[in-house]
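Letter by letter, the chains look like this.
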Amino acid sequence: MDYRDRFRRLRIEQDLDQKDIADICNVSPQLVSHWETYKRHMTVDTIIVLCKYFKVSANYILGIPDYPYPKREK
């Protein structure tokens, strides 16, 4: 799952529309649409703003584990 899909899912779960997200990120609703249709990537600053707004970790959004290195088996 792409990080933009995760934000879209969060947006829908919170009953927000693309205009709401545009207002939160101080961008145009068209840009939000472009994110959700894979036409544009979000900036790191935008990802941070949305992570703070939705109270989720960037690791969750990016689909990576919460620890920096894979756990080693003993």
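Above this note sits the structure.
If you're wondering where the values come from, they're calculated on a predicted model, not measured in any experiment.

Caption draft 1: Spatial organisation of the packing of helix α1 (residues 3–13) against helix α4 (residues 44–54). Their axes nearest at 12 Å, the elements α1 and α4 cross at an angle of 35°. For α1 against α4, the interelement crossing comes out left-handed. On α4, the residues touching Tyr3, Phe7, Leu10 and Arg11 of α1 are Ile47, Leu50, Cys51 and Phe54. Taken together, the residues of the contact of α1 with α4 sort by class into seven nonpolar, no polar and one charged.

Caption draft 2: Spatial organisation of helix α2 (residues 18–25). All of the buried residues in α2 are Ile21, Ala22 and Cys25. Buried residues of α2 fall within an arc of 105° about the axis and therefore sit on the same side. Residues of α2 that are buried in the fold lie against α1, α3 (29–36) and α4. The backbone nitrogen of lysine 19 lies 3.1 Å from a side-chain oxygen of the residue at the head of α2, namely aspartate 17. Positioned one or two residues after α2, asparagine 26 has a phi angle of 60°, which is positive.

Caption draft 3: Spatial organisation of the side chain of arginine 4. Here arginine 4 lies in helix α1. Non-local contacts of arginine 4, meaning those with residues more than four positions away in its chain, are made with Trp35, Tyr38, Arg40, His41 and Met42.

Caption draft 4: Just the packing of aromatic side chains, in detail. Applying the stated criterion across every chain yields a total of two aromatic pairs. For the ring pair phenylalanine 7 and phenylalanine 54, a centre distance of 6.4 Å and an interplane angle of 40° mean the geometry is tilted. Of the two residues, phenylalanine 7 is situated in helix α1 and phenylalanine 54 in helix α4; the sequence distance between them amounts to 47 residues. An identical accessibility class is assigned to phenylalanine 7 and phenylalanine 54; each is buried.

Caption draft 5: Looking closely at the pattern of salt bridges. A complete count under the given rule lists four salt bridges for this structure. Ionic pairing is found between aspartate 23 and lysine 19, a salt bridge with its closest N-O pair at 3.0 Å. Within this pair, aspartate 23 and its partner lysine 19 are both found in helix α2, separated by four residues, close to a single helical turn. Taken together, the shared-partner salt bridges connect Arg8, Arg11 and Glu36 into one network.

What counts, and at which threshold
- Residues numbered from 1 in each chain as written.
- Predicted model: local features only at pLDDT ≥ 70, side-chain atom pairs only at ≥ 80, totals over all residues.
- Heavy atoms only, no water.
- Axes fitted to C-alpha atoms, helices over the stretch in contact; angles between N-to-C directions.
- Helix = DSSP H or I, 4+ residues; strand = E, 2+ residues; numbered from the N terminus.
- Left-handed = near helix turned anticlockwise from the far one by under 90°.
- Contact = heavy atoms within 4.5 Å.
- Nonpolar A, V, L, I, M, F, W, Y, C, P; charged D, E, K, R; others polar.
- Buried < 20%, exposed > 50% of the residue type's maximum accessible area, 1.4 Å probe, protein only.
- Arc of directions from axis to C-beta.
- Polar contact = N/O pair within 3.5 Å; in protein donor to acceptor, adjacent residues only side chain to side chain.
- Phe/Tyr/Trp six-rings, centres within 6.5 Å; stacked < 30°, edge-to-face > 60°.
- Salt bridge = Lys/Arg side-chain N within 4 Å of Asp/Glu carboxyl O.

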